[in-house]
Amino acid sequence: MKTKKIQLLSVIFAFAFMVGCASNDADDSAVNTGDAAAQDAAEQAAANKAAADAAAAAAAAAANLTSVFYFDFDQATLSADTRAELDAQIAVLKNANTKVRLEGHADERGTREYNMALGERRANAVANYLIINGIERYRVETVSYGEERPINSASTDAAWAENRRVELK
Amino acid sequence: MRVFLFIVVALVLSSPVNAELTIEITQGVDNPTSIAIVPFGWQGSGIPKEDVSGIVQADLFRTGQFAPVDRDDMLSSPQQQSEVYYRDWRALGVDYLLVGRLIPSENHMVAQFELFDVYAEKRILTGSQSGAISDLRGVAHGVSDRVYEKITGIRGAFSTRILYVSAVKQAAGQFKFRLLQADVDGAGEEVILEQSQPILTPSWAPDGETIAYVSFETTRPAIFMHNLRTGVRQQLTNFKGLNGAPAWSPDGRQLAMVLSKDGSPDIYVMDIATRQLKRVTRHFAIDTEPSWMPDGKSIIYTSDRGGRPQIYQVTLATGYEERLTFEGSYNARARVVPDGSGIIIVHKGTGDYHIALLNIDKGSIEVLTETALDESPSISPNGAMLLYATKYQGKGILAAVSLDGGVKFRLPSRFGDVREPAWSPFLR
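Residues numbered from 1 in each chain as written. Chains lettered and ligands numbered in written order. Predicted model: local features only at pLDDT ≥ 70, side-chain atom pairs only at ≥ 80, totals over all residues. Heavy atoms only, no water.

Caption draft 1: The overall build of chain A, seen in detail. Broken down by element type, chain A carries 6 helices and 4 strands. Counting from the amino terminus, chain A carries its helices and strands in the arrangement α-α-α-β-α-β-α-β-α-β. Taken across its 169 residues, chain A has 41% of its residues classed as buried. (Helix = DSSP H or I, 4+ residues; strand = E, 2+ residues; numbered from the N terminus. Buried < 20%, exposed > 50% of the residue type's maximum accessible area, 1.4 Å probe, protein only.)

Caption draft 2: Up close: the overall build of chain B. Along chain B, the regular secondary structure elements total 3 helices and 32 strands. Put simply, chain B has 428 residues, and 57% of those count as buried. Within chain B, contacts between residues separated by at least 24 positions form 43% of all contacts whose residues are at least 6 apart in sequence. Here chain B displays about 17,500 Å² of accessible surface, and carbon together with sulfur accounts for 49% of that area. (Contact = heavy atoms within 4.5 Å. Areas by Shrake-Rupley, 256 points an atom, 1.4 Å probe, with all protein chains shown as cover.)

Caption draft 3: Structural context of the pattern of salt bridges. Scanning all chains against the criterion turns up 33 salt bridges over all chains. Here Asp185(B) ties to Arg137(B) by a salt bridge, and the two come within 2.9 Å at their closest N and O atoms. In this pair, Asp185(B) is assigned in the loop between β10 (174-183) and β11 (190-195) and Arg137(B) in helix α3 (residues 136-152), connecting sequence segments 48 residues apart. Given a relative accessible area of 3%, Asp185(B) falls into the buried group. Between Asp262(B) and Arg279(B) there is a salt bridge; the shortest N-O distance is 3.8 Å. Of this pair, Asp262(B) sits in the loop between β17 (254-259) and β18 (266-271) while Arg279(B) sits in strand β19 (residues 277-279), and the two are 17 residues apart along the sequence. A network of salt bridges, in which partner residues are shared, links Arg101(A), Glu103(A), Glu141(A), Arg165(A), Glu167(A), Lys169(A) and Arg220(B). (Salt bridge = Lys/Arg side-chain N within 4 Å of Asp/Glu carboxyl O.)

Caption draft 4: Seen up close, the sheet that holds β17(B). All names here are of chain B. Overall, antiparallel pairing links the 4 strands, which are arranged β16-β17-β18-β19 in an open sheet. Looking at which strands have only one partner, the edges of the open sheet turn out to be β16 (243-248) and β19. Within the sheet, the average angular offset between the axes of one strand and its neighbour, ignoring direction, is 30 degrees. By the bridge criterion, 6 bridges tie β17 to β18 in an arrangement that is antiparallel. Looking at β18, one finds that Met257 is bridged to Tyr268. (Pairing = 2+ DSSP bridges. Axes fitted to C-alpha atoms, helices over the stretch in contact; angles between N-to-C directions.)

Caption draft 5: Representation of the sheet that holds strand β22 (residues 310-315) of chain B. Strand order in the open sheet formed by 4 strands is β20-β21-β22-β23 (chain B), and the pairing between neighbours is antiparallel. Every interior strand has two partners, whereas the edge strands, β20 (287-292) and β23 (321-323) of chain B, have only one. The average angle at which neighbouring strand axes cross in this sheet is 30 degrees, direction not considered. As paired strands, β20(B) and strand β21 (residues 298-303) of chain B are joined by 4 bridges and run antiparallel to one another. Bridging from a neighbouring strand, Asp287(B) pairs with Ser303(B) of β21(B). Where helix α5 (residues 112-132) of chain A meets the sheet, it contacts β20 and β21 of chain B, and its direction lies at approximately 155 degrees from that of β20(B).

Caption draft 6: How the structure looks around the interface of chain A and chain B. Across the boundary between the two partners, chain A contributes 29 residues, which contact 42 residues of chain B. Summing the contributions of chain A and of chain B, the shared interface buries around 2,900 Å²; its carbon and sulfur component is 50%. Along the contact surface separating chain A from chain B lie 6 salt bridges. Of the charged contacts in the structure, one is a salt bridge between Arg112(A) and Glu375(B), with a shortest N-O distance of 2.9 Å. One can count 20 residue pairs in polar contact (both at pLDDT 80 or more) joining chain A with chain B. Going through the elements one at a time, α5 and β3 (140-146) of chain A are the ones with two or more residues in the side of chain A that touches chain B. Examining the composition of the side of chain A that touches chain B, we find that 8 residues originate from one element, α5(A), more than from any other. (Buried area = accessible area lost by both parts, 1.4 Å probe. Polar contact = N/O pair within 3.5 Å; in protein donor to acceptor, adjacent residues only side chain to side chain.)

Caption draft 7: Seen up close, the nonpolar core. Residue and element names in this part refer to chain B. Leu255, Ile344 and Leu386 are the most contacted members of the largest nonpolar core, which has 53 residues in total. The residues touching Leu386, leaving out its near neighbours within four places in the chain, are Ile344, Ile355, Leu368, Pro377, Ser378, Ile379, Ser380, Ala399, Ala400, Val401, Leu403 and Trp423. If you look at the next biggest cluster of nonpolar residues, it comprises 43 residues, including Ile25, Phe40, Ala182 and Leu398. (Core = buried A, V, L, I, M, F, W, Y, C linked by side-chain atoms within 4.5 Å.)

Caption draft 8: How the structure looks around the packing of aromatic side chains. All names here are of chain B. Scanning the entire structure with this criterion turns up 9 aromatic pairs over all chains. Centroid distance Tyr86 to Phe116: 6.2 Å. Interplanar angle 75 degrees. Geometry classified as edge-to-face. With Tyr86 in helix α2 (residues 86-90) and Phe116 in strand β7 (residues 108-117), this residue pair connects regions lying 30 residues apart in the sequence. Of the residues examined, Tyr86 reaches a relative accessible area of 15% and is grouped as buried. Since its relative accessible area comes to 0%, Phe116 is described here as buried. Residues Tyr148 and Phe158 carry aromatic rings whose centres are separated by 5.5 Å and whose planes lie at 90 degrees to one another, so their mutual orientation is edge-to-face. Of the two residues, Tyr148 is situated in helix α3 and Phe158 in the loop between α3 and β9 (161-171); the sequence distance between them amounts to 10 residues. (Phe/Tyr/Trp six-rings, centres within 6.5 Å; stacked < 30°, edge-to-face > 60°.)

Caption draft 9: Fine view of the pairing of strand β3 (residues 33-37) of chain B. All names here are of chain B. Summarising burial for β3: 4 of the 5 residues are buried, a large majority. Sheet topology places β3 next to strand β5 (residues 66-68); 3 bridges connect them, and they run parallel. What sits directly across from Thr33, in β5, is Phe66. Inspection of the sheet shows β3 paired to strand β6 (residues 96-104) by 3 bridges, in the parallel sense. Residue Ile37 lies in a different strand from β6, and its bridge partner there is Leu98.

Caption draft 10: Focus on the side chain of Glu114(B). Secondary-structure assignment places Glu114(B) in strand β7. On the basis of relative accessibility, which here comes to 9%, the residue Glu114(B) falls in the buried class.

Caption draft 11: Looking closely at the confidence of the model for chain B. Considering every residue of chain B, the mean pLDDT works out to 91; 94% of them sit at 70 or more. Throughout residues 1-19 of chain B the model reports pLDDT below 50, and contacts reaching past four residues in sequence, or to other chains, amount to 41 contacts. (pLDDT = per-residue confidence, 0-100.)

Caption draft 12: Region of interest: the packing of helix α1 (residues 52-62) of chain B against α3(B). Residue and element names in this part refer to chain B. Packing of α1 against α3 brings their axes to within 8 Å, and their N-to-C directions diverge by 50 degrees. In terms of axis orientation, α1 runs oblique to α3. Crossing of α1 against α3: the hand is right-handed. Of the residues in α3, those in contact with Val52, Ile55, Val56, Asp59 and Leu60 of α1 are Leu136, Arg137, Ala140, His141, Val143, Ser144, Val147 and Tyr148. For the contact of α1 with α3, a count of residues per class yields 9 nonpolar, 2 polar and 2 charged. (Parallel < 35°, antiparallel > 145°, perpendicular 65-115°, else oblique. Left-handed = near helix turned anticlockwise from the far one by under 90°. Nonpolar A, V, L, I, M, F, W, Y, C, P; charged D, E, K, R; others polar.)

Dropping the structure here:
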């Protein structure tokens, strides 16, 4: 019974580290070095599994989170919805150590270099919100593309609304 | 009352197969000057590679100030004064007559030409224009420059080039960007740079061979300096944040630009020789789109420090700043006309974004265009016309308007969107 349990944990251990060694070898070593060592290995395996699960959960959560945030014309103000969406991103970012790149965009109306500045103002608004809420400054990079990379090239209110955005990457 | 003269004929200027730009004149002046440009004589073997007099005719037609006579209506084909019978031309109501002939020598071509005032029955100009045999278009533009100046008193700008940017969509938010140069009539197009990252704000140095522009090739904006003759290319800036809106000083020694490295977008001036930067504006609002006044002593720029984008002027020696525009909710990207009397701006009053002329002394704004989403005006070196970018039938195109608003034409692109025209200085 106990041997079987150790064997199972060892298999998990092997998977968690993706070392790919044969389960028979792990089983042999566990039996040969005694219960204490097996216990340590089991605990470590469990801890690693938990970490892997958390990372997977974070990745899954991040994948489901909104990563494009929209703005009103000539504005860089974060709406209540945007702030709520960013709070969810912040919760995930706090459990990770990844860097984020914030790409600011503008719609086609007005001049290109002014829109470049407007895109930066939007990216900075998001960056400042992340930093104020505990994300380290060095992890946040901003860049503005102005009106150079529209998602929708039409000249309609709906297209312009799609293009006034910050993308978190 | 102005009678709009819509010339619906699309004038495809015998451009090379892959040229992106064609020209459609949409509005000319009320009473254009009638001119007959007789096909030039040819003294070489075979046939010339370009129709030189046809190019001269297209040049003059494109100004909107001239109505060239149809070749089929001509009663004779003189090539020099001794063959000119004024009655043939008076019968057609022609004001001016241009005749000439092309004489090839070893490696170059000479165009000898004579211009006549038909009513005075007088020859008013004789000249010769030479160039490489491979550059017959250049020879033709040179003739156009001389004829235009003789009749209008304004230096011709037909021998100039334009820079512009094209973008071809690859996927949502993904484009192929190209920086191009072409003759001002769209011919002789060459690709300067092609990449998947944005290219913006091409700007000519006064030498007519050095340019500056913004490229995102490093995944961030950076200002580059590029010599079109030698191909030598240098990255001038690599600061955190914006690196944009390069504008050459009138003496070509300094480059004004926008950097946001110190927090918000401000105007800076870089000394090209030493690469030293001097900060010009200092405000938490957006300051961008610098442009030099002709005397090089002050810079005009866009700022939204008053809440909305408006044009300001800063005197470099003192740092004194002054707001220049008060009419309209959006005034941006100013460019001074060559004589300094006015400023061309992107202006939004109650309607769409248009190109407008601000009279500096009177403070009045005159709207010059009626197209939609107009931007990026660039004035010809003789101050007669300006090129700008607009949207037409869902595509970004270049268009032109005379500074008095009387003449308009479009340069639609056959591929993708074109934008950000920059008209070169005089090149010879």
